[in-house]
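Descriptive analysis of the structure
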Amino acid sequence: MFHLLALLSAAGYALQSVLLVPYARNMDTLSLAFYRGVAFPVTLLPLLLGASSGELFAVLREWDMLLLGGIGGGFSLTFAYAAYRFVPVGVAHALQRSVTTILLAAVAWTFWEENLSPAAVLCIALIIAAGVFLGTRKHAMPHLDERGLLGLLLVLLSAFSFVLANVAFITLSRSASPLVGGYFWEAAIAAATVVLLALRRGAGGRSLERISLRSFGAIALRSWPTLLGTGCFGLAVRLGPVAVLGAVGTVSLAFTALLAHWLYGEKLRPAQWLSIAAVIAGILGLRFA
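Along each chain, the written sequence defines residue order, and numbers are assigned to residues from 1. Where local features are concerned, this predicted model is filtered to residues with pLDDT of at least 70; where side-chain atom pairs are given and counted, the filter is 80 or more; whole-chain, interface and lining totals use all residues. For side-chain calculations, the full set of non-hydrogen atoms in the structure is used, while hydrogens and water are omitted.

**Here we look at the overall build of the protein chain**
Here a helix means four or more residues in a row that DSSP labels H or I, a strand means two or more in a row labelled E, and each is numbered from the N terminus. Check the secondary structure of the protein chain and you find 15 helices and zero strands. Relative accessibility decides the category of a residue: with a 1.4 Å probe and only protein chains considered, values under 20% of the type maximum give buried, values over 50% give exposed, and everything between is partly exposed. A burial count over the protein chain gives 54% of its 289 residues as buried. Residue contacts follow a heavy-atom distance rule, with two residues in contact if any of their heavy atoms lie within 4.5 Å. Residue pairs at least 24 apart in sequence account for 90% of intrachain contacts in the protein chain once pairs closer than 6 positions are excluded. Accessible surface, the protein chain: about 12,900 Å² in total, of which carbon and sulfur atoms supply 71%. Methods summary: accessible areas were calculated by the Shrake-Rupley approach with a probe of 1.4 Å, and residue burial reflects only the protein chains presented.

What follows is the structure in structure tokens.
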């Protein structure tokens, strides 16, 4: 069940990321993060089905984790959407997942004393190596900005921010209800984008980009697979090691690359497809490590 939940979570996050790419490449990325998040109090309501008042208060008492998750998630989304203008979706996602897997494994070993078998460590190393290879290949595409190094920097910043957000979510999921925790964690990220918008405006930057009601509806609909990603991640983190969950989640790069190939014509080279195959092999190995 743990591996199935991890795979479903990866698929949900990959799908919503790829579906939002057209908006990420054509509008202010912080505004996009805001519109994505502001729809969640409604679209993620199924996470609260059957929740008790005790579970609600248990999550809300962890206000410090909600604050950390909101800030980390807000920055991560902004950096990730900006990176899509410079590097292919599949490549950006691969590099982010690889860095995230390394950092989450280090955090789990340091703070939660989660030890892995030598076989599991080798499988994770294979996944990371393949992801880094995929993320550093040249990818000249006419619809992308040529400043690829800037894109990779944005991906790395997104990964570091994402780890902070995940540490908060994991803590919430293990100390309270994983589904209720996921709902308020996503709500905290939405609130953080409001604060970031206000700070940017106060510093003389641009204000929230105005969009039509139809565009907002499309963003909300395309973000809906987050329900699957967040819900399954919260449930899985109570069943298995964080490092393995992060590594299995890297299979989302295969989903992302396939969807980007199909929807946006972002074709990968044979060596990059081999890297994806290596990631999948590493994940299969984790199943039996």
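**Examining the pattern of salt bridges**
Whenever Lys or Arg places a side-chain nitrogen within 4 Å of a carboxyl oxygen from Asp or Glu, that contact is recorded as a salt bridge. This model, assessed by the stated rule, comprises three salt bridges. Note that D28 is salt-bridged to R200, the shortest N-O span being 2.8 Å. Here the residue D28 occupies a position in the loop between α2 (21-24) and α3 (29-38), and R200 occupies one in helix α10 (residues 178-202), the gap between them amounting to 172 residues. Given a relative accessible area of 8%, D28 falls into the buried group. As a salt-bridge pair, E209 and R206 come within 3.5 Å of each other at their nearest N and O atoms.

**Some details on the packing of aromatic side chains**
Aromatic ring pairs: the centre-centre distance and the angle between the two ring planes describe each pair. When two rings of Phe, Tyr or Trp (its six-membered ring) have centres within 6.5 Å they constitute a pair, described as stacked for plane angles under 30 degrees, edge-to-face for angles over 60, and tilted for the intermediate range. Counting across every chain of the model gives six aromatic pairs. Geometrically, the ring pair formed by Y35 and F216 is edge-to-face, given 6.2 Å between the ring centres and 65° between the ring planes. Here the residue Y35 occupies a position in helix α3, and F216 occupies one in helix α11 (residues 213-223), the gap between them amounting to 181 residues. Given a relative accessible area of 9%, Y35 falls into the buried group. Of the residues examined, F216 reaches a relative accessible area of 24% and is grouped as partly exposed. Between the aromatic rings of Y183 and F184, the centroid separation amounts to 5.3 Å while the plane-to-plane angle is 85°, which identifies the pairing as edge-to-face.

**Focus on the nonpolar core**
Counting 45 residues, the largest nonpolar core has L32, Y81, W185, I219 and L245 as the members making the most contacts within it. No other element matches helix α9 (residues 148-175), which puts seven residues into this core. We call a set of buried residues a nonpolar core when its members are Ala, Val, Leu, Ile, Met, Phe, Trp, Tyr or Cys and they connect through side-chain atoms within 4.5 Å of each other. A82, A83, V99 and V155 belong to the second largest nonpolar core, which has eight residues in total.

**Quick notes on the environment of V59**
On the secondary structure map, V59 appears in helix α5 (residues 53-60). On the basis of relative accessibility, which here comes to 0%, the residue V59 falls in the buried class. Measuring from C-alpha to C-alpha, the distance between V59 and V180 comes to 7.1 Å, with 121 residues separating the pair along the chain. Discounting chain neighbours no more than four positions away, the residues touching V59 are L66, L172, A176, S177, V180, G181 and F184.

**Structural notes on the packing of α10 against helix α12 (residues 226-236)**
Relative orientation and spacing of two packed helices are given, respectively, by the angle between their axes and the distance between those axes. Orientation is described by lines fitted to C-alpha atoms, with helices fitted over the stretch in contact, and by angles between N-to-C directions that extend from 0 to 180 degrees. Two elements in contact, α10 and α12, have axes separated by 8 Å at closest approach and are oriented at 130°. Regarding the angle of α10 to α12, the classification is oblique. The hand of the α10/α12 crossing is right-handed. Along its contact with α10, which presents P178, L179, G182, W185 and E186, the element α12 presents T226, T230, G231, G234 and L235. When residues are grouped by polarity, Ala, Val, Leu, Ile, Met, Phe, Trp, Tyr, Cys and Pro land in nonpolar, Asp, Glu, Lys and Arg in charged, and all others, Gly among them, in polar. Among the residues forming the contact of α10 with α12, the class breakdown is four nonpolar, five polar and one charged. Relative orientations are named as follows: roughly parallel for angles under 35 degrees, roughly antiparallel for angles over 145 degrees, roughly perpendicular for angles from 65 to 115 degrees, and oblique for any other angle. Definitions for this section: a left-handed crossing has its near helix turned counterclockwise from the far helix by less than a right angle. A right-handed crossing has that turn clockwise.

**Observations concerning α12**
Counting buried residues in α12 gives nine out of eleven residues, a clear majority hidden from the surface. For α12, the complete set of buried residues consists of T226, L227, G229, T230, G231, C232, F233, G234 and A236.

**Observations regarding the side chain of T226**
Checked against the element boundaries, T226 lands in helix α12. Ignoring sequence-local partners within four residues, the contact set of T226 consists of G12, Y13, Q16, R36, F40, L44, E186 and G231.

**Side note on the side chain of S173**
On the secondary structure map, S173 appears in helix α9. Residue class for S173 comes out buried when judged on its relative accessible area of 0%. Aside from chain neighbours lying at most four places away, what touches S173 is P178, G234, V237 and R238.

**Quick look at the confidence of the model for the protein chain**
Taken as a whole, the protein chain shows an average pLDDT of 79; of its residues, 82% reach a score of 70 or greater. Per-element confidence in the protein chain is highest for α11, whose mean pLDDT is 91, and lowest for helix α14 (residues 252-264), whose mean pLDDT is 70. In predicted models, pLDDT denotes the confidence assigned by the predictor to each residue on a 0 to 100 scale.

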